[in-house]
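One letter stands for each residue in the lines below.
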Amino acid sequence: MTDQTTTTGGSRTGLAGSARPGQAPSPRDLAARAPGREGAGGTNPRRPDAEPPSPQPVEMTGAQALVAALERLGVDVVFGIPGGAILPAYDPLFDSATVRHILVRHEQGAGHAAAGYAQVTGRPGVCIATSGPGATNLVTPLADAYMDSVPVVAITGQVPSSLIGTDGFQEADIAGITLPITKHNFLVTRAEDIARTVAEAFHVASTGRPGPVLVDIAKDALQAKTQFRWPVPFDLPGYHPVTRPHSRQIREAARMMMAASRPVLYVGGGVIKAEACPELLALAELTGMPVVTTLMARGAFPSSHSQNLGMPGMHGKVAAVGALQKADLLVALGARFDDRVTGRLDSFAPEAVVIHADIDPAEISKNRHAEVPIVGDCREVITELIAAVEAEHEAGHKTDVSAWWSQLDAWRATYPLGYDDPDDGSLSPQYVIERIGKLAGPDAVYVAGVGQHQMWAAQFIDHDRPRHWLNSGGLGTMGYAVPAAMGAKVGEPESEVWAIDGDGCFQMTNQELATCALEGIPIKVAVINNGNLGMVRQWQTLFYNQRYSHTDLDRAAGGESLGTRIPDFVKLAEAYGCAGLRCETAADVDTVIRQAADIKDRPVVIDFIVHRDAMVWPMVAAGTSNDDIKVARDMAPDWDVTE
Ligand SMILES: Cc1ncc(C[n+]2csc(CCOP(=O)(O)OP(=O)(O)O)c2C)c(N)n1
Ligand SMILES: [Mg+2]
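In this text the structure is predicted, and so the values were computed from the model without any measurement.

How each quantity is defined
Residues numbered from 1 in each chain as written. Chains lettered and ligands numbered in written order. Predicted model: local features only at pLDDT ≥ 70, side-chain atom pairs only at ≥ 80, totals over all residues. Helix = DSSP H or I, 4+ residues; strand = E, 2+ residues; numbered from the N terminus. Rg over C-alpha atoms; globule rule 2.2 N^0.38 Å. Buried ≥ 20, exposed ≤ 12 C-beta atoms within 10 Å, placed from the backbone. Pairing = 2+ DSSP bridges. Axes fitted to C-alpha atoms, helices over the stretch in contact; angles between N-to-C directions. Parallel < 35°, antiparallel > 145°, perpendicular 65-115°, else oblique. Left-handed = near helix turned anticlockwise from the far one by under 90°. Contact = placed C-beta atoms within 7 Å. Nonpolar A, V, L, I, M, F, W, Y, C, P; charged D, E, K, R; others polar. pLDDT = per-residue confidence, 0-100. Arc of directions from axis to C-beta. Near = placed C-beta within 6 Å.

Turning our eyes to something else, we now look at the overall build of the chain. If you tally the helices and strands in the chain, you get 24 helices and 21 strands. Relative to the globule expectation of 26 Å for 643 residues, the C-alpha radius of gyration of the chain, 25 Å, shows essentially globular dimensions. C-alpha atoms of the chain, sized along the principal axes, occupy 75 × 70 × 45 Å. Out of the 643 residues in the chain, the part that is buried amounts to 57%.

Quick look at the structure:
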């Protein structure tokens, strides 16, 4: 290993491994331009004032330079756990007046907390870990953030540079390990490279298609002296995300939109990341076109808006799935034609031509050929589309979508989302989730785990605001909810934050309740306790002849019920310094939700004991066509239904 900063290129940046002097804008400019709640260029009122520039070099250690850079980048919180290699950084961190460190109980919690923070604020979330096992514990949240394009900066300590490559104590090649799951990563072995690299990491994480960036810093670089200067010039040759769409493509898209008779706006999470929700609303209302919002885009367009057909995909609404299947034009905005949306790709939307707008050129025509590819930031794309559509209207070209709406309305009316209450009088999980949504309202932040409860939370809560619905969409990471909710509550302390978690997921990361209790982060956790790994059990019910191989969570290995709760989530909550409540009947649901809402001084866990066999419907079985969607077991919709 040399004594140079080694830059390893992630797959989404186009950055090479070489280092050339850069003449990029200052980090201050770039930090100010990083997307905030008010959009690119916006500032968040809660953001602490960034430190003034330090034009004169100041001598300090690499560790002090790291903390000084974080302060100047406006970082107000980092989630982490110390250890040998990162210890030099923890010393100056102890003194920082503006960077709050939250000591988590597992580095996975730090990573998801950083992601939760980033998703509600729009600013990069920061996590910090030591070398080896500390760093490898970040692998899952980094992969998660990569799949969902969340700006996370992970800082890890590395063994001293003289030990790198020797299997030194707690050495793991975390840059190598995370190369395919980070937007970019860096190994820093010189103190003088630390501040610049951290500034670059923030820039890369938060510009273009957002994503996680890892900065691995050798211990001796943290300990060595350097001259700290701020701002620092960037050295990112080859990293120039295109945000401005091509005007010819925009005009062509507008023409096609006016010529379509069965168009659909297929909206993905990129619209939220680009802060393009007001523009989307304007475009939808200008064109009268139906909108579908993917799992990652719930809240990008109000659920309550009459043009919102709901969520498409494996557990999407019949009208949303049918709209895509029967469309003659798809306008895909910040969406990526994920297999959970398309079903069997070769039978997806067979009659549609595709306009695909995305900031990442690698997404366009990746899964489905786009007749009109548009590379650009969704906010700029939609703004220009609005102008181009207005010009079409002025020229007398206007699409008539009334017949299309008759069809869509017939599907909506005939196949609304619904559920049956369990016959045995036990609690319906959908009812619990629906009531949380109604009582906590559109201003609350909802964070789901992964499984049936996640799908019901996507389906039965009205998501009317962007950045208020957080979940692990791409990776499907059980254990995401509690730590992500913790990060969300830190990012948006005035909002009520509800983790809606499964009994399986909750057992993966509930140790962060200790962090929440000690750090004063009063989240609410609704455990939808069906006693099993429900989503897997559903597949066993449907596709494995009801052979429930290893999905029971509340039974002994032999299958018998023990008559005791292992663990008892109420006692567990109390052991962690939280309030623990339990609810087993529909009659008590509202009372217990209100009770939880009134507890503001500590986290609350509600153990909702629900029916063990409720299923998520509709469903497109994995690998089958969207045309074969079922609204209940063996029940297919009639696509020819009319109102
Ligand atoms: C880390 C991880 N391991 C395994 C899985 C596979 N998996 C998907 S959903 C699920 C069940 C989740 O159970 P629970 O949290 O109880 O939620 P439920 O489906 O019952 O609502 C499992 C095991 C996963 N997504 N993530
Ligand atoms: Mg479960």
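Across the six residues that make up strand β18 (residues 497-502), a large majority, six, are buried. Residues V497, A499 and D501 point to one face of β18 and W498, I500 and G502 to the other, with burial holding for every one of them. For strand β16 (residues 445-448) and β18, the ladder comprises four bridges, and the chain directions are parallel. Each bridged residue has a counterpart across the sheet, and for V447 the counterpart in β18 is A499. Note: β18 against strand β19 (residues 524-529), five bridges, orientation parallel. By the bridge assignment for β19, W498 is matched with K524.

What follows covers unusual backbone geometry. Most peptide bonds take the trans configuration, and most residues that are not glycine carry a negative phi. Note the cis peptide between W230 and P231, where omega equals 0 degrees. Tracing the chain through its elements places P231 in the loop between β9 (225-230) and α10 (247-259). Residue P618 follows W617 across a cis peptide bond; omega there is -5 degrees. Along the chain, P618 turns up in the segment after β21 (604-609). The phi torsion at S149 lies on the positive side, around 55 degrees, for a residue other than glycine.

Moving on: the packing of helix α12 (residues 277-287) against helix α15 (residues 378-394). Across the interface, α12 lies against α15 with an axial gap of 9 Å and an inter-helix angle of 25 degrees. With respect to their mutual orientation, α12 and α15 come out roughly parallel. At the point where α12 passes α15, the crossing takes the left-handed sense. Across the interface between the two elements, E279, L280, A282, L283, L286 and T287 of α12 pack against R379, I382, T383, L385, I386 and V389 of α15. Grouping the constituent residues of the contact of α12 with α15 by class yields eight nonpolar, two polar and two charged.

Quick look at the confidence of the model for the chain now. Scored by pLDDT, the chain comes out at a mean of 92, with 92% of its residues at no less than 70. Overall, residues 1-7 carries pLDDT values under 50, and its contacts beyond four positions in sequence, including any with other chains, amount to 21 contacts. Here residues 16-49 is modelled with pLDDT under 50, and outside its nearest four sequence neighbours on either side it reaches 67 contacts, counting other chains as well.

A few words on helix α24 (residues 586-598). Those residues of α24 lying buried are V589, V592, I593 and A596. Down the axis of α24, the buried side of the element spans an arc of 105 degrees, and every buried residue falls inside it. Away from the buried face of α24 by more than 90 degrees, exposed residues A587, T591, R594 and D598 are located. Structurally, α24 contributes buried residues whose contacts are with α17 (429-440), β19, β20 (579-583) and β21.

Turning our eyes to something else, we now look at helix α18 (residues 452-460). The element α18 is largely enclosed, with a buried count of nine among its nine residues. Among the residues making up α18, those that are buried are Q452, H453, Q454, M455, W456, A457, A458, Q459 and F460. Buried-residue contacts for α18 involve α17, β16, β18, β19 and α22 (534-543).

Turning next to the site of ligand 1. G451, G502, G504, C505 and G534 are the nearest of the 19 residues found near ligand 1. Those elements giving two or more residues to the shell around ligand 1 turn out to be α18, α20 (503-509) and α22. Looking at side-chain class alone, the shell around ligand 1 contains seven nonpolar, 11 polar and one charged residues.

The next subject is the sheet that holds strand β11 (residues 291-293). The parallel open sheet is built from six strands, whose spatial order is β12-β11-β10-β13-β14-β15. The two strands at the open ends of the sheet, each matched to only one other strand, are β12 (308-310) and β15 (372-375). If you compare each strand with its neighbour and ignore which way they point, the axes differ by 20 degrees on average. Examined bridge by bridge, strand β13 (residues 329-333) and strand β14 (residues 353-358) share five bridges and lie parallel to one another. What sits directly across from A332, in β14, is H356. Seen against the sheet, α10 touches β10 (263-267), β13, β14 and β15 and runs at an angle of roughly 135 degrees to β15. Along the sheet, helix α13 (residues 318-326) makes contact with β10, β11, β12 and β13, crossing β12 at roughly 105 degrees.

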